[in-house]
Amino acid sequence: MRVIFAGTPEFARSALAALHAAGHEIVGVMTQPDRPAGRGMKLQASAVKQFALANELPVLQPHSLKLDGKYPDEALAAQQFIAQAQADVMVVAAYGLILPQWVLDAPRFGCLNIHASLLPRWRGAAPIHRAIEAGDAETGVTIMQMDAGLDTGDMLFKETMPIGQQETTATLHDALANMGARMIVKALSLVGQFEPIKQPAEGVTYAHKIEKLEAALDWSQSAQVLAQRVRAFDPFPGMSMQLGDEVIKVWQAHALNKDASLNHEHVAGSILAIADEGIQVACGEGVLCLTQLQKPGGKRQAVSEFVRSFKGAVGDVFKG
């Protein structure tokens, strides 16, 4: 098929690579403009753009697709680009721009979206993070026929996978990226044969974009919730806590089964024990055991290594 691909991060690159390998004709690639990244804040191409350039695929990077918006010239160029491509279908994966109706209507079979959740649960920008944060037992990928709403289109098919007890956003991302890549290749082989399924009104949740302000550990929450958030926010933005003037990142932690009376005896955030097996901290409910941490300017360390130079003591209180 003649395919326009729209996507930006590594999740999308996996799908583009699979479509390319399957022999589909990629007649255009749309991705977000280059962004400053790294310590030097140099402009860096997206993972999708890097793949496209390496495989000599035409690339377009509009800031907006709204013809009456802030970048009308870029939107008009995109409109011409899409019209000339005469695509059978547009495949969209974590693109980052809202598609106006003229884009949705342009390809012969419309626009198919690869969404990393079991819709209608976790519509929106951060479905992988939010599923782990919420303690969901399973997740998956939905291939959806796009409409003008936010992940509201008809579902074509979906697949599920369990969320492991130690799963992080980083590990779950890779598994779902592989699943989505495989599924979109299957979807294009079945285009025109699907019986679209309307999304139910029940069970709708929104996976709001991850903000850096969410990184601070709120010790008034339960240990179980905090353990889920630590896993959900790895690799970005990472959960953090403060002791004195030092901000420490927490990358691995788990809830301990402790006597509930502990919560009445200790201020939330209090250090209960320091050992090679973990730093135990009182929470609003239960105890959180910290097992992998990172000091400012340092690398991630197992707690057995971290405690050798840790200045805290039992009874000290971490702040979020």
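Look up: the structure comes first, before these words.
Below or above, wherever it landed, is the structure these notes cover. (Residues numbered from 1 in each chain as written. Predicted model: local features only at pLDDT ≥ 70, side-chain atom pairs only at ≥ 80, totals over all residues. Heavy atoms only, no water.)

Counting its secondary structure elements, the chain contains 9 helices and 17 strands. Over its C-alpha atoms, taken along the principal directions, the chain stretches across nearly 70 × 45 × 35 Å. For the chain, long-range pairs separated by at least 24 residues make up 64% of all intrachain contacts whose partners lie at least 6 apart in sequence. Placing the 28 positive and 33 negative side-chain charges of the chain at their respective mean positions leaves the two points 5 Å apart. (Helix = DSSP H or I, 4+ residues; strand = E, 2+ residues; numbered from the N terminus. Contact = heavy atoms within 4.5 Å. Lys, Arg positive; Asp, Glu negative; His and termini not counted. Charge placed at Lys NZ, Arg CZ, Asp CG, Glu CD.)

A few words now on the packing of helix α1 (residues 10–21) against helix α6 (residues 169–189). Where α1 contacts α6, the axes come no closer than 8 Å and their chain directions differ by 35°. Relative to α6, the crossing made by α1 is right-handed. Along its contact with α1, which presents E10, F11, S14, A15, A18 and L19, the element α6 presents H173, L176, A177, A181, I184, V185 and L188. Looking at the contact of α1 with α6 residue by residue, the class counts come to 10 nonpolar, 2 polar and 1 charged. (Axes fitted to C-alpha atoms, helices over the stretch in contact; angles between N-to-C directions. Left-handed = near helix turned anticlockwise from the far one by under 90°. Nonpolar A, V, L, I, M, F, W, Y, C, P; charged D, E, K, R; others polar.)

With that settled, the discussion passes to the side chain of S46. Take S46: it is sitting in the loop between β4 (42–44) and α2 (47–54). A distance of 3.0 Å separates the side chain of S46 from the backbone nitrogen of K49, its partner in a polar contact. Discounting chain neighbours no more than four positions away, the residues touching S46 are T8 and T31. (Polar contact = N/O pair within 3.5 Å; in protein donor to acceptor, adjacent residues only side chain to side chain.)

Strand order in the open sheet formed by 7 strands is β5-β2-β1-β6-β7-β9-β10, and the pairing between neighbours is mixed. Looking at strand neighbours, the two that pair on one side only are β5 (59–60) and β10 (155–162), the edges of this open sheet. Relative to strand β7 (residues 111–115), strand β6 (residues 89–93) runs parallel, the two being bridged by 3 bridges. Bridging from a neighbouring strand, V91 pairs with L112 of β7. Against the sheet, helix α3 (residues 72–85) contacts β1 (2–7), β2 (25–30), β5 and β6, and its axis sits at roughly 175° relative to β2. (Pairing = 2+ DSSP bridges.)

Attention now goes to the side chain of R130. Relative to the elements of secondary structure, R130 occurs in helix α5 (residues 127–133). Excluding anything up to four places from it in sequence, R130 contacts W122, A207, H208, K209, I210, E214 and F233.

Once that is clear, we can look at the environment of G69. By secondary structure assignment, the location of G69 is in the loop between β5 and α3. Residues G69 and V191, 122 residues apart in the sequence, show an inter-C-alpha distance of 33 Å.

This part takes up the pattern of salt bridges. Taken as a whole and judged by the stated rule, the model has 12 salt bridges. Between R182 and E159 there is a salt bridge; the shortest N-O distance is 2.9 Å. Of this pair, R182 sits in helix α6 while E159 sits in strand β10, placing them 23 residues apart in sequence. According to the relative accessible area criterion, R182 is partly exposed, its value standing at 46%. (Salt bridge = Lys/Arg side-chain N within 4 Å of Asp/Glu carboxyl O. Buried < 20%, exposed > 50% of the residue type's maximum accessible area, 1.4 Å probe, protein only.)

Given 3.6 residues to a turn, an α-helix orients residues that are three or four positions apart in the same direction. Every buried residue belonging to α2 is among A47, V48, K49, F51 and A52, and all of these are buried. Looking at the buried side of α2, the elements it contacts are β1, α1, β2 and β5. Downstream of α2 by one or two residues, E56 has phi in the positive range, about 55°.

With that out of the way, let us pick up unusual backbone geometry. With an omega of 10°, the peptide bond running from L119 to P120 counts as cis. Its place among the elements puts P120 in the loop between β7 and β8 (123–124). In this structure, A94 takes a positive phi of about 45° despite not being glycine. Relative to the helices and strands, A94 resides in the loop between β6 and α4 (101–105).

To continue, consider the state of the cysteines. Throughout the structure, instances matching the rule amount to 0 disulfides. No disulfide involves C283; its nearest neighbouring cysteine sulfur is the one of C289, lying 11 Å away. (Disulfide = S-S within 2.5 Å.)

Interaxial distance between α1 and α2 falls to 7 Å at its minimum, and their mutual angle equals 30°. The angle between α1 and α2 falls in the class roughly parallel. Here α1 contributes E10, A12, R13, L16, A17 and H20 to the contact with α2, which in turn contributes A47, V48 and F51. Tallied by class, residues from the contact of α1 with α2 come to 6 nonpolar, 1 polar and 2 charged. (Parallel < 35°, antiparallel > 145°, perpendicular 65-115°, else oblique.)

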